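Observations on the model geometry
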Amino acid sequence: MTGATVCLGETMAQVTPADGEGLEHSRELRLAVAGAESTVAQYLADLGHRSAWVSRVGDDPLGRRIVAAVGDRGVDVGGVRFDPEAPTGVYFKDPGPDGTRVHYYRRGSAAARMGPADAERVDLAGARLLHLTGITPALSAECAELVELLMERAARAGVPVSFDVNHRPALWSSLDEAAVALRDLARRADLVFVGRDEGERLWGTTTAEEIHAHLAPRGTLVVKDAEIGATEFSGPVREFVPAPAVEVIEAVGAGDAFAAGYLSGFLRGSGSADRLALGHRLAGRTLRSIEDYVPADTLEGN
């Protein structure tokens, strides 16, 4: 995976009402692919970067469909294992007048069975970046061990670690457990993404500055504040870029798109303002769509 950004985490089959109605009344459903880490990998490939996705899926039609779809976008999927003993996870989007609810059916999934042994399939030799999220350690104790091990291996190999807090309350046994675990992982990463709302929910921090003070990150911290904008803290330097006005259709997936846009700028050596602006542009595409991933072969006119 020389020169690649390596992304590890679960990807699921996504079921969405095709007509925009709620699940209870929709007559037609669409099947797609959705996963935070594989979405980042796909966007990076779209934008001309080498990327790889590592995971487990079930040895079933949904698992094979997912791997084929991600691979077709130019992502290296050689590190994905097909598990004959566990299914591919599935989640359903349920749009409604108050927003979109999400229903997960992922307990006991193949990805939740990942553990330290899976680290052998993560080739960090020559990798430019390792991208992880707070979703993976919430899936199981073994997944949490895998994330810890990969962070240690990346540090020894001199590979920067990007970590998106990505707090999913339903996956954790308690808010306190999530707050401690995600704080500790964020403090070990070289580049951290977190939503201002996530910080308030997890740590009681209400501003980007309070999040920065609480985490005391070793590297760069990016705090996203929905339609307000995003703030980067890098050493003593603070950079804020407002979010452009967007007519929001659905917010699911926008955080992953933002992370991918920012990382693209980071990998190209762009300045802070340009990295944040590209994150906003990519997120805006997702906000204007019902899809978690909107192919970004070109950003012209978007």
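Notes on the structure in this doc start here. Predicted model, so just to flag it, every value in this text is computed and none were measured. (Residues numbered from 1 in each chain as written. Predicted model: local features only at pLDDT ≥ 70, side-chain atom pairs only at ≥ 80, totals over all residues. Heavy atoms only, no water.)

Each helix and strand in the protein was counted, giving nine helices and 13 strands. What you see for the protein is a C-alpha radius of gyration of 18 Å, in line with the 19 Å of a compact globule of 302 residues. Scored against the burial criterion, the 302 residues of the protein give a buried share of 54%. Taking contacts inside the protein between residues at least 6 apart in sequence as the whole, the part at least 24 apart equals 69%. About 12,900 Å² of surface is accessible on the protein, with carbon and sulfur atoms providing 50% of the total. Averaging the locations of the 31 positively and 44 negatively charged side chains of the protein gives two centres separated by 3 Å. (Helix = DSSP H or I, 4+ residues; strand = E, 2+ residues; numbered from the N terminus. Rg over C-alpha atoms; globule rule 2.2 N^0.38 Å. Buried < 20%, exposed > 50% of the residue type's maximum accessible area, 1.4 Å probe, protein only. Contact = heavy atoms within 4.5 Å. Areas by Shrake-Rupley, 256 points an atom, 1.4 Å probe, with all protein chains shown as cover. Lys, Arg positive; Asp, Glu negative; His and termini not counted. Charge placed at Lys NZ, Arg CZ, Asp CG, Glu CD.)

A separate point is helix H7 (residues 208–215). When H7 is considered as a whole, its buried residues turn out to be Ala 208, Ile 211 and Leu 215. Down the axis of H7, the smallest arc covering the buried residues is 60 degrees, so these residues share one side. Residues of H7 that are buried make contact with helix H5 (175–188), strand E10 (191–195), helix H6 (196–203), strand E11 (220–225) and strand E12 (229–234). Where H7 ends, the next residue or the one after it, Ala 216, has phi of about 45 degrees, a positive value. (Arc of directions from axis to C-beta.)

In this section: helix H4 (residues 141–157). A rise of 1.5 Å per residue sets the reference length of H4, with its 17 residues, at 24 Å; its end C-alpha atoms lie 24 Å apart and thus fit the reference within 8%. Among all positions of H4, only Cys 143, Leu 146, Val 147, Leu 150, Met 151 and Ala 154 are buried. All buried residues of H4 fall inside an arc of 135 degrees around its axis, so they share one side. Those residues of H4 that are exposed and aimed more than 90 degrees away from the buried face are Ala 141, Ala 155 and Arg 156. If you follow the buried residues of H4, they end up packed against strand E1 (5–8), strand E8 (129–133), helix H3 (136–139), strand E9 (161–164) and H5. Positive backbone phi, approximately 75 degrees, marks Gly 158, located one or two places after H4. (Expected span 1.5 Å × (residues − 1).)

Let's shift gears to unusual backbone geometry. For Asn 166, which is not glycine, the phi torsion reads 40 degrees and is therefore positive. Considering the arrangement of structural elements, one finds Asn 166 in the loop between E9 and H5. Classification of Asn 166 as buried rests on a relative accessible area of 6%. Look at Ala 216: it is not a glycine, yet its phi comes out positive at around 45 degrees. Relative to the assigned elements, Ala 216 resides in the loop between H7 and E11.

To continue, consider the state of the cysteines. Where two cysteines share a covalent bond between their sulfur atoms, that bond is called a disulfide. The final tally for this structure, using the stated rule, is zero disulfides. In this model Cys 7 remains outside any disulfide bridge; the closest cysteine sulfur is found in Cys 143, 16 Å from its own. By relative accessible area, which is 0% here, Cys 7 ends up buried. (Disulfide = S-S within 2.5 Å.)

Strand order across the open sheet formed by nine strands is E5-E4-E1-E8-E9-E10-E11-E12-E13, with mixed pairing between neighbours. Where the open sheet ends on each side, the last strands, each with one partner, are strand E5 (76–83) and strand E13 (237–242). Adjacent strand axes in the sheet meet at a mean angle of 15 degrees, parallel and antiparallel pairs treated alike. Relative to E13, E12 is paired through six bridges, and the arrangement is antiparallel. Among the inter-strand pairings, Phe 233 is bridged to a residue of E13, identified as Arg 238. Seen against the sheet, helix H2 (residues 61–72) touches strand E4 (51–58) and E5 and runs at an angle of roughly 175 degrees to E5. The strands touched by helix H9 (residues 272–287) are E11, E12 and E13; relative to E13, the strand with the most contacts, the crossing angle is about 35 degrees. (Pairing = 2+ DSSP bridges. Axes fitted to C-alpha atoms, helices over the stretch in contact; angles between N-to-C directions.)

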